[in-house]
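An overview of the molecular structure
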Amino acid sequence: MTTVGQPERAGLADRFGRTATDLRVSLTDRCNLRCTYCMPAEGLAWLPRDEMLGDAEVIRLVRVAVERLGVTEVRFTGGEPLIRPNLVGIVAAVAGLSPRPRLSLTTNGIGLDRLAGPLRDAGLDRVNVSLDTLDRARFAELTRRDRLPDVLAGLAAAAAAGLTPVKVNAVLMRGINDGEAVDLLRFALANGYELRFIEQMPLDAQHGWNRAEMVTAEEILADLRTGFTLRPDPTERGGAPAETWLVDGHSARVGVIGTVTRPFCGDCDRTRLTADGQVRACLFAAEETDLRAALRAGAGDAELADRWRAAMWGKKAGHGIDDPTFLQPARPMSAIGG
């Protein structure tokens, strides 16, 4: 399965000197919210159950990534991963791998009040919770569901269970919630959460993303500086997507993920596995490599690892959003995984 110039035995290296060690695993394309910047009100055509990886298939592919390909971090995503049946069992199985990867989960927080403790006991290390507004009416407008109290309860439960640092992900949208940057940071600081603002990306199912309407990293930082003093975080960033700043000179941090205006492709260390068993070398990739078909056809671990290596070797230098020929991925974020 190797291609010209590709190392025969190595981790998930690409042609540009990067090595992927961070695996994002989508456990479902389904979600219990209908966020306006992600999907239409009626939802989407979900993947048929038989096309989704079963529990044993997910665990096996993650094991191949950890044991054979050098993956050291695994993050479970969706859709909404908390609605995946036997999530706790999947986490426990991956936590039992050797070497043990660091385990995290990205969620909208609904149901986390019930699952935070069991997930921590199973081996989950921490969570990222999406929260774009603290206004209940605006939350209902944005998500088409009146569930803000559930998200806040989930955040509190995660902190109480020790799933720390609890990180909060917020997307600001022009004319909707772009005036909430300071309030969101005050909320995060008061509760001991780490806030991350994320530029809105072209991954909506409606393909309605417009760069001119996006709130940029520079604008977010300017808004934050109206209420706080920020200075650059001296901690080495490495492959982390967020640029971070120390708030008011203390140890508390706030981050901005400027995927569009401040791309960090040159240091990207991520590989992605979709809920239907496709490897994606980049969040914005147009191509996928099917591991599900090979797995179900009886491929051994060595063959699966070789296919995964070949997929990552073909990773492009950057996501190309600034290229006039850029085309938004056919699959939306809910199907790809964050």
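Above this note sits the structure.
Residues numbered from 1 in each chain as written. Predicted model: local features only at pLDDT ≥ 70, side-chain atom pairs only at ≥ 80, totals over all residues. Heavy atoms only, no water.

Moving on: the side chain of threonine 244. Here threonine 244 is to be found in strand E10 (residues 243–247). In this structure the side chain of threonine 244 is engaged in a polar contact, spanning 2.9 Å, whose partner is the side chain of aspartate 233. Other than its neighbours up to four places away in sequence, threonine 244 contacts Arg196, Pro232, Asp233, Val254 and Gly255. (Helix = DSSP H or I, 4+ residues; strand = E, 2+ residues; numbered from the N terminus. Polar contact = N/O pair within 3.5 Å; in protein donor to acceptor, adjacent residues only side chain to side chain. Contact = heavy atoms within 4.5 Å.)

Quick look at the nonpolar core now. In terms of nonpolar packing, the biggest core is built from 91 residues, with Phe76, Phe197 and Trp308 touching the most fellow members. Ranked by residue count, the leading element in this core is helix H1 (residues 55–69), at seven residues. Apart from the residues lying within four places of it in its own chain, the contact partners of phenylalanine 76 are Val25, Leu27, Pro81, Ile90, Val91, Val94, Leu103, Ser104, Leu105 and Thr106. (Core = buried A, V, L, I, M, F, W, Y, C linked by side-chain atoms within 4.5 Å. Buried < 20%, exposed > 50% of the residue type's maximum accessible area, 1.4 Å probe, protein only.)

For the rest of this paragraph, the subject is the sheet that holds strand E11 (residues 253–257). Pairing is mixed across the open sheet formed by twelve strands, whose spatial order is E9-E10-E11-E8-E7-E6-E5-E4-E3-E12-E13-E14. A strand with exactly one partner marks an edge of an open sheet, and here the two such strands are strand E9 (230–232) and strand E14 (289–290). Summarising the sheet, strand E3 (residues 22–26) and strand E12 (residues 270–273) pair through four bridges and their orientation is parallel. Bridge assignment links leucine 23 to a residue of E12, and that residue is threonine 271. In the packing of helix H7 (residues 217–224) onto the sheet, contacts are made with strand E8 (194–198), E9, E10 and E11, and the angle to E11 comes to roughly 155 degrees. (Pairing = 2+ DSSP bridges. Axes fitted to C-alpha atoms, helices over the stretch in contact; angles between N-to-C directions.)

Once that is clear, we can look at the environment of glycine 89. If you trace the backbone, glycine 89 turns up in helix H2 (residues 87–95). Its relative accessible area of 27% is what places glycine 89 among the partly exposed residues. Taking the C-alpha atoms as reference, glycine 89 lies 7.4 Å from alanine 122; in sequence the two are 33 residues apart.

One way to put it is that helix H3 (residues 112–122) packs onto helix H5 (residues 148–161) with a least axis distance of 8 Å and a crossing angle of 20 degrees. Classified by the interaxial angle, the pair formed by H3 and H5 is roughly parallel. Viewed along their axes, H3 and H5 form a crossing whose handedness is right-handed. For the pair H3 and H5, the contacting residues are Leu112, Asp113, Ala116, Gly117 and Arg120 in the first and Ala153, Gly154, Ala157, Ala158 and Ala161 in the second. Class assignment for the residues of the contact of H3 with H5 results in six nonpolar, two polar and two charged. (Parallel < 35°, antiparallel > 145°, perpendicular 65-115°, else oblique. Left-handed = near helix turned anticlockwise from the far one by under 90°. Nonpolar A, V, L, I, M, F, W, Y, C, P; charged D, E, K, R; others polar.)

What follows covers helix H9 (residues 301–313). An ideal rise of 1.5 Å per residue puts 18 Å on 13 residues; H9 measures up with 18 Å between its terminal C-alpha atoms. Buried residues dominate H9, accounting for ten of its 13 residues. Considered for burial, the residues of H9 that qualify are Asp301, Leu304, Ala305, Asp306, Trp308, Arg309, Ala310, Ala311, Met312 and Trp313. (Expected span 1.5 Å × (residues − 1).)

The next thing to look at is helix H6 (residues 181–191). Taken residue by residue, H6 has Ala181, Val182, Leu184, Leu185, Phe187 and Ala188 as its buried positions. The secondary structure elements touched by the buried residues of H6 are H5, strand E7 (167–170), E8, H7, E10 and E11. Downstream of H6 by a residue or two, glycine 192 has a phi angle that is positive, lying close to 80 degrees.

According to the stated counting rule, one finds 23 salt bridges in the structure shown. Ionic pairing is found between arginine 18 and aspartate 14, a salt bridge with its closest N-O pair at 2.7 Å. A single burial state applies to arginine 18 and to aspartate 14, both of which are buried. For aspartate 55, the salt bridge identified is with arginine 84, shortest N-O distance 2.8 Å. Within this pair, whereas aspartate 55 is found in helix H1, its partner arginine 84 is found in the loop between strand E4 (73–77) and H2, the two being separated by 29 residues in sequence. Aspartate 55 gets classed as partly exposed once you look at its relative accessible area, which sits at 25%. Look at arginine 84 and you get buried, because its relative accessible area is 9%. (Salt bridge = Lys/Arg side-chain N within 4 Å of Asp/Glu carboxyl O.)

Here serine 26 is to be found in strand E3. A relative accessible area of 2% means that serine 26 is categorised as buried. There is a polar contact of 3.5 Å between the side chain of serine 26 and the backbone oxygen of glycine 78.

This paragraph deals with the packing of H2 against H3. One can describe the packing of H2 onto H3 by two numbers: an axis separation of 8 Å at closest approach and a directional angle of 25 degrees. By the angle class used here, H2 and H3 are roughly parallel. For the crossing formed where H2 meets H3, the hand is right-handed. Taking contact as the criterion, the partners of Leu87, Val88, Val91, Ala92 and Ala95 in H2 are, on H3, Leu115, Pro118, Leu119 and Ala122. Tallied by class, residues from the contact of H2 with H3 come to nine nonpolar, no polar and no charged.

What follows is about the pairing of E8. Along any regular strand, the residues point their side chains to alternate faces of the sheet. Judged by how many residues are buried, E8 sits mostly within the fold: four of five residues are covered. Relative to E8, E7 runs parallel, the two sharing four bridges. Within E8, the position partnered with alanine 170 by the bridge is phenylalanine 197. Remark: the E7/H6/E8 crossover connection has right-handed handedness. Relative to E11, E8 runs parallel, the two sharing four bridges. Note that in E11 the partner of isoleucine 198 across the bridge is isoleucine 257. (Right-handed = clockwise from strand over helix to strand, strands pointing away.)

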